[in-house]
Amino acid sequence: VPHEIHTSERRSFRGCRRRWNWIFRENWYPFLTAKPLEFGVAFHEAMEVYYNPETWSWDREVIQDLAILCFEQKCQLQKQKYLVQKEDSVLDTEVEEDYAERVALGIGMLNHYFTFSPTLDKNFKPVKTEISFRVPIKNPVTGETLICKCKTCLEENPEGQIVYYAGRIDCLVEDLDGWYWIVDWKTATQLSQTQEFLDLDDQVGSYPWALRELGLRIRGFLYVELRKGFPKPPKENVNRRLGCLFSVAKNQETDYATFLKTVSEQDKEAYEEGLYDAMLTFLQNDGIKYHQRFEVHKSDYQLDQIGYNLFLEAKEMLQEDLPIYPSPGRFACNFCAFRQPCLGVNSGEDYIYTLETLFERRKHYYVRDEASTESKGGE
Ligand code: SF4
């Protein structure tokens, strides 16, 4: 068992040491039940099929169909796993409806993505998808590799274990000049307003650092956000309103191209009279954004700093007498799976009993080899 540090552990460590200690040092995980659909995991698998470098030159329509098929199959497998765990044969009506809605959402999102991705990708070709990497963490001044001598690591190796920074990359692509880019796909209910948060983001910084350490010519990070939604044709009015057969309500899940196609083909006269002009202008300028792609570049100096800070943070984590204390926060505690044992410690109760009854000891997710988007137990 290697000693690996991942971005999720770094965030956990900085978020609340008490929770970090329970998860990453003591391996406590809340009992997790399978969900009928892990949307992100299924969506990522479909994207991996689409960006498979071995089939990149194939007929794209065939690959698009394959990607959608892969998404559907993954959803089906997740549902089966869920039913087996629940010892049931069918989903409850409400759960089934939600499941079917989300499968349709994924298919709609993929189909929509395929309409514009060739333009986005024209200067890139995929090199590999879902790549695990690990890099030894070194003292940037002395070049010495960080070694962990905690009880677990000494059991593995009496000399201690090398500490690695590790992670998984959604996709690596190469541009026309032979530089590599790291691609990360995120599905989100709302897209980010600005790129600023990415300039400080630890994953966006540390992945290029890690690949540079491995000797790759890395140009930067492509952060792709996809809205959980896809454009649909506008609603048809029951009766013509202000001369329009189709609704011009601004809150519809549609975009310029879909709206234009529908009204110009199915309500030609009104369209030619200009009755849809205001709505079309709105959609063109302020309509829903379904995707955005940010390019983040890091200079060598910035990457050096990222490596240095990572070393300091990892070194601190390994400290034998590291003080462990809670870092309560209204937002963090609300979503923390360890709320109950945490309150137990604060009140002098038998929190070990709580941990033993509500949690299980599991291997870390990287040893379990789960997909990067799988939920990891509220760390
Ligand atoms: S409930 Fe809050 S303080 Fe307690 S472990 Fe969780 S995040 Fe930390």
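Even after reading the chapter, I still don't get the state of the cysteines, so can you show me in this structure?
One way to say it: the disulfide is the covalent bond shared by the sulfur atoms of two cysteines. All chains considered together, the criterion is met by 0 disulfides. The closest cysteine sulfur to the non-disulfide-bonded Cys 150 is located on Cys 148, 3.6 Å from its own sulfur. Using a relative accessible area of 31% as the deciding quantity, one classes Cys 150 as partly exposed.

Can you help me understand the side chain of Ser 247 in this one?
Within the secondary structure, Ser 247 sits in the loop between β9 (244-246) and α9 (256-266). In this structure the side chain of Ser 247 is engaged in a polar contact, spanning 3.1 Å, whose partner is the backbone nitrogen of Ala 249. With near-sequence residues (within four places) excluded, Ser 247 lies in contact with Pro 234, Lys 235, Asn 237, Gln 252 and Phe 259.

Would you take a moment to explain the pairing of strand β6 (residues 180-188) for this structure?
In summary, the side chains of a regular strand alternate between the two faces of the sheet. Pairing analysis gives 4 bridges linking strand β5 (residues 161-175) to β6, with the strands arranged antiparallel. Within β6, the residue paired with Cys 171 across the bridge is Val 183. Here 9 bridges tie β6 to strand β7 (residues 218-227), and the two strands are oriented parallel to one another. Considered in β7, the bridge of Thr 187 is made with Leu 226.

Help me out: how do you make sense of the nonpolar core in this one?
Across soluble globular proteins, you tend to see nonpolar side chains buried next to one another. Phe 133, Ile 137, Tyr 165, Ile 182, Trp 209 and Phe 338 are the most contacted members of the largest nonpolar core, which totals 43 residues. For this core, the secondary structure elements donating two or more residues are α2 (17-25), β2 (28-30), β3 (124-136), β5, α8 (202-213), β7, β10 (291-297) and α12 (300-318). A per-element tally of this core places α12 first, with 6 residues. Setting aside chain neighbours within four positions, we find Trp 209 in contact with Val 135, Tyr 165, Leu 303, Ile 306, Gly 307 and Leu 310. Counting residues in each nonpolar core, the second largest holds 34 residues, with Leu 83, Val 103, Phe 116 and Val 183 among its members.

Sorry, what's going on with a nonpolar patch on the surface here?
On the surface, Val 62, Leu 66 and Leu 69 cluster together into a nonpolar patch covering about 230 Å² of accessible area. Residue position: Leu 69 is located in helix α4 (residues 60-86).

Got a minute to help me understand the pattern of salt bridges in this structure?
Any two side chains of opposite charge can pair, so long as their charged atoms come close to each other. For the coordinates displayed, the defined rule picks out 21 salt bridges. The shortest N-O distance in the salt bridge between Lys 261 and Glu 265 comes to 3.5 Å. Taken together, the positions of Lys 261 and Glu 265, both in helix α9 and 4 residues apart, correspond to about one turn of that helix. Under the relative-accessibility criterion, Glu 265 is labelled exposed at 52%. Ionic pairing is found between Arg 362 and Glu 360, a salt bridge with its closest N-O pair at 3.7 Å. By relative accessible area, which is 27% here, Glu 360 ends up partly exposed. Three or more residues joined by partner-sharing salt bridges are found here, namely Arg 10, Arg 11, Arg 14, Asp 201, Asp 202 and Glu 313.

Cut-off values and rules
Residues numbered from 1 in each chain as written. Predicted model: local features only at pLDDT ≥ 70, side-chain atom pairs only at ≥ 80, totals over all residues. Heavy atoms only, no water. Disulfide = S-S within 2.5 Å. Buried < 20%, exposed > 50% of the residue type's maximum accessible area, 1.4 Å probe, protein only. Helix = DSSP H or I, 4+ residues; strand = E, 2+ residues; numbered from the N terminus. Polar contact = N/O pair within 3.5 Å; in protein donor to acceptor, adjacent residues only side chain to side chain. Contact = heavy atoms within 4.5 Å. Pairing = 2+ DSSP bridges. Core = buried A, V, L, I, M, F, W, Y, C linked by side-chain atoms within 4.5 Å. Patch = residues over 30% accessible without salt bridge, like charges linked within 9 Å, V, L, I, M, F, W, Y side chains within 5 Å. Areas by Shrake-Rupley, 256 points an atom, 1.4 Å probe, with all protein chains shown as cover. Salt bridge = Lys/Arg side-chain N within 4 Å of Asp/Glu carboxyl O.

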